[in-house]
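# Working through the structure, step by step
Listed below, chain by chain, are the residues.
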Amino acid sequence: MLAVVLRFPLGVYHAQAQDDFARPEWPPHPVRLVAALLAAAHTRGVDVAAARSVLARLSAADPPVILAPRARDEVPASERDAPTDEPLVASLRGASRWAPRNHELSELRRDGVYPRELGRKRAEVHKVGVAIGDQSVAFSWPELELTADQLAVFEELVEDVAFLG
């Protein structure tokens, strides 16, 4: 079995849901962890070939079991104020803002590029996250076994993860 326990030093996890940018992604998607491990492989003197081998094994394995506190929004309204020992996390939503929209290349080729028009089409940008406090999130692969060398590389990568997202 292989497991990784994540903690968020500032107590907040920022990520947008893939299907609705105005909603936070909770729990973190396993692809974010794999991306963070890959980034860690390139920030330190780790053998990149060995790191890629470990990450390939991780990516080919069955999806991990994710142990995370439930979001308060997922709890039915009638149960939210009931006393419970179950830890919950709260969704955060900051002020949204409007930013110039990135144009698709096909759109630029079709319509042309006009400097005055580039900033007129805007998209709403949301600042969302989850207040997790000092609670943790665990990813567990019950069936995945690594060799001692692979485990050593994996541990080095995990120690170097600085950002999840």
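Keep in mind it's a predicted model, so treat the numbers as computed, not measured. (Residues numbered from 1 in each chain as written. Predicted model: local features only at pLDDT ≥ 70, side-chain atom pairs only at ≥ 80, totals over all residues. Heavy atoms only, no water.)

### Thoughts on the nonpolar core
Counting residues in each nonpolar core, the largest one holds 30 residues, and the members touching the most others are Trp26, Leu33, Leu58, Trp141, Phe154 and Leu157. When residues of this core are traced back to their parent elements, those giving at least two are strand S1 (2-7), helix H1 (30-43), helix H2 (48-60), strand S9 (136-141) and helix H5 (148-159). Broken down by element, the residue count for this core peaks at five residues, all from H1. Setting aside anything within four residues of it in sequence, one finds Leu33 in contact with Val4, Leu6, Phe139, Trp141 and Leu164. (Core = buried A, V, L, I, M, F, W, Y, C linked by side-chain atoms within 4.5 Å. Buried < 20%, exposed > 50% of the residue type's maximum accessible area, 1.4 Å probe, protein only. Helix = DSSP H or I, 4+ residues; strand = E, 2+ residues; numbered from the N terminus. Contact = heavy atoms within 4.5 Å.)

### Points about the pairing of strand S8 (residues 128-131)
Where strand S2 (residues 12-13) and S8 come together, two bridges link them in antiparallel fashion. Looking at the pairing, Tyr13 lines up with Val130 of S8. Where strand S5 (residues 88-93) lies against S8, four bridges are found, and the strand directions are antiparallel. Bridge pairing in S8 links Arg93 to Val128. (Pairing = 2+ DSSP bridges.)

### What to know about H5
Between its first and last C-alpha, H5 extends 17 Å over 12 residues, near the 16 Å set by a 1.5 Å rise per residue. For H5, the set of buried residues is Gln150, Val153, Phe154 and Leu157. Along the axis of H5, the buried positions cluster into a sector of 100°, meaning they face one direction only. Exposed side of H5, more than 90 degrees from the buried face: Ala148 and Glu159 are the residues found there. Packing partners of the buried residues in H5 comprise S1, H1 and H2. (Expected span 1.5 Å × (residues − 1). Arc of directions from axis to C-beta.)

### Re the sheet that holds S8
On the basis of which strands lie adjacent, the open sheet formed by four strands has the order S2-S8-S5-S4 and mixed pairing. The open sheet is flanked by S2 and strand S4 (70-71), the only strands paired with a single partner. Relative to S5, S4 is paired through two bridges, and the arrangement is parallel. Residue pairing across strands places Arg70 opposite Leu88, the latter belonging to S5.

### Re the environment of Leu67
Positionally, Leu67 belongs in strand S3 (residues 65-67). On the accessibility criterion, Leu67 (54% relative accessible area) is exposed. For the pair Leu67 and Asp134, spaced 67 residues apart in the sequence, the C-alpha separation amounts to 15 Å.

### Concerning the confidence of the model for the protein chain
Across the protein chain, pLDDT averages 85, with 90% of residues at or above 70. No element of the protein chain has a lower mean pLDDT than helix H4 (residues 115-118), which averages 61, and none a higher one than S3, which averages 96. (pLDDT = per-residue confidence, 0-100.)

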